[in-house]
Protein chains: 2
Amino acid sequence: MAKRIKRYEAFADRVAEQIRRGILAPGERVPSVRQASRSQGVSASTVFRAYYLLEDRGLIEARARSGYFVRERARRLLEEPTPGPRGGMGAEVAVSELVFSVLASLQDSDTVPFGSAFPDPALFPLARLARSMSRGLRERPEAAVIGDMTAGHDALRRQILQRYALAGVSLLPDELVITNGAMEGLNLALQSVTRPGDLVAIESPAFYASLQVLERLGLKAVEIPVHPRHGIDLAILAERLAGLPIKACWLMSHLQNPLGASLSDAHKAELYRLLERYEVPLLEDDAYAELHFDTRPPRPVKAFDRAGLVMHCGSFSKCLAPGYRIGWVAGGRWAEEIARCRLMTTISPSLPAQWAIADYLQHGGFDRHLRRLRHALESQQRAMLAAADRYFPSGTRVSRPTGGYFLWCEFPGRVDALRLMKQALAEGISLAPGPIFSASRGFRHCVRLSYGHSWSPRSEAAMRRLGELLDAF
Amino acid sequence: MAKRIKRYEAFADRVAEQIRRGILAPGERVPSVRQASRSQGVSASTVFRAYYLLEDRGLIEARARSGYFVRERARRLLEEPTPGPRGGMGAEVAVSELVFSVLASLQDSDTVPFGSAFPDPALFPLARLARSMSRGLRERPEAAVIGDMTAGHDALRRQILQRYALAGVSLLPDELVITNGAMEGLNLALQSVTRPGDLVAIESPAFYASLQVLERLGLKAVEIPVHPRHGIDLAILAERLAGLPIKACWLMSHLQNPLGASLSDAHKAELYRLLERYEVPLLEDDAYAELHFDTRPPRPVKAFDRAGLVMHCGSFSKCLAPGYRIGWVAGGRWAEEIARCRLMTTISPSLPAQWAIADYLQHGGFDRHLRRLRHALESQQRAMLAAADRYFPSGTRVSRPTGGYFLWCEFPGRVDALRLMKQALAEGISLAPGPIFSASRGFRHCVRLSYGHSWSPRSEAAMRRLGELLDAF
């Protein structure tokens, strides 16, 4: 299970953050071991280990007899995207057709998958999971089938509760409902607190599937802009909560899709105070929780939840077992209603998948896998950022998320992302155009690019070709 | 895959039907081999094989030098239940709380499981399925994960389409949507054709989960009585369709839960003509399709569907793989909408479960397993019917379904099924009380008993004890 943060890891994170913010610039010398040890009050060996880790993560490099320097590739490349406009006061959502037509166009498996919503399945320990599946099927008594369908597999529940505890969130066991992926949890949670016609505050840009769910349930979107690094704009959210009868907030506090933004702990606490003040429930979509590049696991807003207002949705789909379709929701006050609604719609998530994941979490080496996965994604991000810097036109702005596998690119205003998508598809390159992330079809000159697949000469060529297509606008 | 009906099996079915209807009474001699061979125009060897089969199914017995006789146990025991009342013109459904409280009371695994909705997991080839799972996980390429999540596993789709073809139903491949069990298929199908407040024609009594779904979606029930053998009352359905703006019919044409009734082919054709005339879509819940005791597979109403009006929902949960949560819907005109709605709510059924079932259907011996399963259920039904005859008070009426694993018992009017349930639970016996099967909480003196678990002295004692509790009313 998740280990404690070691002192050297915490120190490394602080240095990495300075590099990310440009406080330590590319080519600049990082503090010597002696300096750092004194100023930070840590041992020399702690500093050494931290620097080895940063070297391993590609952020600094040793130069003979001169110490450690920030690497060129770690420099701030392109500017960050700008936050979106303020958004309206509650709009009907009508984006589903567009999303489906875009998703259908992405299904050709021969394209360079920059538009994919999924990371490369090769990044996951599928063979090891298969062994856990065999053991789960062998060891689980036949009679358990019926009970497990109602409550969920007990060992899996305990494993998930333990991971919450390690992240500083203590849940009542009854609060946890196992679901068919995070998506089912989000659907059930939203249905538990809204009626058709209600207003729901969402992010702008937002994960397109959340827009489709609002549309399907006849809910209206109050779009709140998201800062590409700091997350949802809390001042505007506060205004909207004060002025409108908003029935729920739905957001990603961490590695937001598509921007990659994360709320700081202070902002999470502030957000929670707002929710409490207006008695508005939060759907916290935390599907990318495990994909952070820092050594610290993030704390969800759920960690601040005193009143049971937060429905926290997680999943193994993006960090361990794609296609197994196992997620969960820690449902706060609405847990029982969510559990009942699940019994009436899908009855239960697949039991073999639950057994396999429970066994894997106990015996499979989840944390070792996660370290490898994060390392791969981080290095793929570096490669894509460097390529964007090389090939994309000046004026392009690119996000620099601290995890996950998406970059958000804001191109000069003359670029039309939907046209770009068609041109790119014709050349075998997929991408996710900005308008599918917006209830009001904004972000016409933005795209989301995935670096979830291993970087290859083909990826590099695709970035170069995208750059040429962009130049032609 | 399903084999053709052999001549001797068809002949055996005809004899079994005569026994079931009392045309051949217990103790009566069945026609001699010579007589039967002449009158039916079949060979003597066909008659012999049919009689061996009927002997094996416990319906007839050989007496030395006298020929074959209908067994005593095969006699018509108790009378059949009476069809329910005509039902109202569209009522709000408010039965979900009652259903949940009853279901919660059934969860103690130590009770005699007459109230269970699931047959004994020991009846299923779980070890063989586990081998198919291992092979499926080993052989399916990693890259298939993403494609299979959108369309469903291609081999599984083909296997299901082949089984439809053998049952005389030809589907367009695009019509088939793999779902998280039949329950998800039914939910998605209903949402595709209704809006809150709409009227839906359902059976009375009906599967309680269908009532809960109506309640959850804010739909109103038009209850149509079901005859315990012949199925839904088509005359009353026709009246209601003529007089009310019914937006959908939801029924089980075959082995209806809880009565076990099945529509004849003639009635299915008549039902379809009604649907076509009023342009009303049908949700055909066929979860028990494979559990018929006859050798012939039943034809669903879907077989009569010329205009794409029937959404036919099936599942492997009750015939092969409980807990795997793999079902499907052949969605007629609404297939694309159903597929999209699934993508927005649960994205995909669990892939390992799909791979395992596809492999099993190809290599596992499904038809052999089904023959064993049906045989076990038929013999368990005989045992429960005989016990009901021995222990239940006079005036009790019991259904005699031609498959599945439920008996419907109608007790004398003084019996209160909810009180009986509490008393029985206190003695470690579960049962499903009549009122949970009715939008209007009717059937107060009825219960559904499951014979889905192997018959034992404990089952026998539980039936005797139920008889004593009934006598006390």
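- Going by the annotation in an unreviewed UniProt entry, the name recorded for chain A is HTH gntR-type domain-containing protein, with Bisbaumannia pacifica given as the source organism.
- In UniProt, chain A has this text filed under Sequence similarities (unreviewed entry): "In the C-terminal section; belongs to the class-I pyridoxal-phosphate-dependent aminotransferase family."

**So, the relation of the copies chain A and chain B**
Right, on to step 1. When chain A is fitted onto chain B, the two copies agree to an RMSD of 0.1 Å after a turn of 180° and an axial shift of 0.0 Å. Taken together, the rotation angle and the small translation identify this as a two-fold axis.

**With respect to the pairing of strand β6 (residues 220-227) of chain B**
All names here are of chain B.
Right, on to step 1. Within β6, six of the eight residues are buried, which leaves it mostly tucked inside the rest of the structure.
Right, on to step 2. In this sheet, β6 lies alongside strand β3 (residues 91-92) in antiparallel orientation, the contact comprising two bridges. Across the sheet, Glu 92 pairs through a bridge with Lys 220, a residue of β6.
Right, on to step 3. The sheet contact formed by strand β5 (residues 199-204) and β6 spans six bridges and is parallel. Counterpart to Ala 201 in the pairing with β6 is Val 222.
Right, on to step 4. Direction of pairing for β6 relative to strand β7 (residues 231-232): antiparallel, over a ladder of two bridges. Note on β7: the bridge partner recorded for His 227 is Gly 231.
Right, on to step 5. Linkage of β6 to β7, two consecutive antiparallel strands, is achieved through a turn of three residues.

**Looking at helix α2 (residues 33-40) of chain A**
Residues and elements named next belong to chain A.
Right, on to step 1. Among the residues making up α2, those that are buried are Val 33, Ala 36 and Ser 37. The arc that holds every buried residue of α2, seen down its axis, measures 100°, which confines them to one face. Of the exposed residues in α2, the ones pointing more than 90 degrees away from its buried face are Arg 34, Arg 38 and Ser 39.
Right, on to step 2. Phi turns positive one or two residues past the end of α2, at Gly 41, with a value near 65°.

**Looking at the sheet that holds strand β14 (residues 432-433) of chain B**
Residues and elements named next belong to chain B.
Right, on to step 1. Taken in spatial order, the four strands line up as β12-β13-β15-β14 in an open sheet, and their pairing is antiparallel. The open sheet terminates on both sides in strands that have one partner only, identified here as β12 (397-398) and β14.
Right, on to step 2. In this structure, β14 lies alongside strand β15 (residues 446-450), joined through two bridges in antiparallel fashion. Within β15, the residue paired with Ala 432 across the bridge is Arg 448.

**Some points on the interface of chain A and chain B**
By a widespread convention, an interface's size corresponds to the accessible area lost as its parts come together.
Right, on to step 1. On the side of chain B, 43 residues touch chain A, which itself brings 43 residues to the contact.
Right, on to step 2. Buried area between chain A and chain B, both sides added, is near 3900 Å², and the carbon and sulfur share of it is 69%.
Right, on to step 3. A per-residue breakdown of the area chain A buries against chain B is headed by Phe 100, Arg 216 and Met 344 of chain A, which together make up 17% of the total.
Right, on to step 4. Summed over the shared surface of chain A and chain B, the result is two salt bridges.
Right, on to step 5. Between Glu 97 of chain A and Arg 340 of chain B there is a salt bridge, with the nearest N and O atoms lying 2.7 Å from each other.
Right, on to step 6. Those elements that place two or more of their residues in the side of chain A that touches chain B are α4 (96-105), α5 (126-139), α6 (144-151), α8 (181-193), α9 (208-216), α12 (335-345) and α13 (351-363) of chain A.
Right, on to step 7. Here the side of chain A that touches chain B is composed, by residue class, of 24 nonpolar, 13 polar and six charged.

**Describing the sheet that holds strand β15 (residues 446-450) of chain A**
Right, on to step 1. Across the sheet, four strands lie side by side as β12-β13-β15-β14 (chain A); this open sheet has antiparallel pairing. Edge positions in the open sheet fall to β12 (397-398) and β14 (432-433) of chain A, since each of these has one partner strand only.

**Regarding unusual backbone geometry**
Right, on to step 1. Here the amide bond leading from Ser 204 of chain A into Pro 205 of chain A is cis, since omega sits at 0°, within 30 degrees of zero.
Right, on to step 2. Relative to the helices and strands, Pro 205 of chain A is located in the loop between β5 (199-204) and α9.
Right, on to step 3. The residue after Asn 257 of chain A, namely Pro 258 of chain A, is reached through a cis peptide bond having omega 15°.
Right, on to step 4. When you line up the elements, Pro 258 of chain A lands in the loop between β8 (246-251) and α11 (265-278).
Right, on to step 5. Notably, Leu 255 of chain A is not glycine yet its phi reads approximately 50°, a positive angle.
Right, on to step 6. With respect to the helices and strands, Leu 255 of chain A occurs in the loop between β8 and α11.
Right, on to step 7. Here Arg 325 of chain B, not a glycine, exhibits a phi torsion of approximately 60°, which is positive.
Right, on to step 8. In this structure Arg 325 of chain B comes out as buried when scored by relative accessible area, which is 4%.

**Overview of the pattern of salt bridges**
Residues and elements named next belong to chain B.
Right, on to step 1. In the structure shown here, the tally under the stated rule is 44 salt bridges over all chains.
Right, on to step 2. Of the charged contacts, one joins Arg 229 and Glu 80 as a salt bridge, the two residues approaching to 2.6 Å between their closest N and O atoms. Of this pair, Arg 229 sits in the loop between β6 and β7 while Glu 80 sits in the loop between β2 (67-70) and β3, and the two are 149 residues apart along the sequence.
Right, on to step 3. Residue class for Arg 229 comes out partly exposed when judged on its relative accessible area of 31%.
Right, on to step 4. The partner of Arg 163 in a salt bridge is Asp 367, with the nearest N and O atoms 3.5 Å apart. Separated by 204 residues along the polypeptide, Arg 163 in helix α7 (residues 154-166) and Asp 367 in helix α14 (residues 366-391) bring together distant segments of the chain. Take Arg 163 and Asp 367: they sit in the same class, and that class is buried.

**Considering the packing of helix α2 (residues 33-40) of chain B against helix α3 (residues 44-56) of chain B**
Residues and elements named next belong to chain B.
Right, on to step 1. The contact between α2 and α3 brings their axes to 9 Å, and the two run at 115°. When you trace α2 past α3, the crossing you get is right-handed. Between α2, through Val 33, Ala 36 and Ser 37, and α3, the contact on the second element is made entirely by Ala 44, Val 47, Phe 48 and Tyr 51.
Right, on to step 2. Here the residues of the contact of α2 with α3 are counted per class, giving six nonpolar, one polar and no charged.

**Considerations on the domain arrangement of chain A**
Residue and element names in this part refer to chain A.
Right, on to step 1. By the assigned domains, chain A splits into domain 1 (7-74), domain 2 (95-122 + 368-471) and domain 3 (125-363).
Right, on to step 2. With centres defined by C-alpha atoms, the gap from domain 1 to domain 3 works out at 35 Å.
Right, on to step 3. Each partner contributes residues to the interface: domain 1 has seven residues there, and domain 3 has five residues.
Right, on to step 4. Where domain 1 touches domain 3, the interface holds zero salt bridges.
Right, on to step 5. With four residues, helix α1 (residues 7-20) is the single largest residue contributor to the side of domain 1 that touches domain 3.

Reading guide: rules and limits
Residues numbered from 1 in each chain as written. Chains lettered and ligands numbered in written order. Predicted model: local features only at pLDDT ≥ 70, side-chain atom pairs only at ≥ 80, totals over all residues. Heavy atoms only, no water. UniProt positions renumbered as here; feature names shortened; annotations may be inferred. Least-squares fit on C-alpha atoms with pLDDT ≥ 70 in both. Buried < 20%, exposed > 50% of the residue type's maximum accessible area, 1.4 Å probe, protein only. Helix = DSSP H or I, 4+ residues; strand = E, 2+ residues; numbered from the N terminus. Pairing = 2+ DSSP bridges. Arc of directions from axis to C-beta. Contact = heavy atoms within 4.5 Å. Buried area = accessible area lost by both parts, 1.4 Å probe. Salt bridge = Lys/Arg side-chain N within 4 Å of Asp/Glu carboxyl O. Nonpolar A, V, L, I, M, F, W, Y, C, P; charged D, E, K, R; others polar. Axes fitted to C-alpha atoms, helices over the stretch in contact; angles between N-to-C directions. Left-handed = near helix turned anticlockwise from the far one by under 90°. Domains from an automatic or database assignment.

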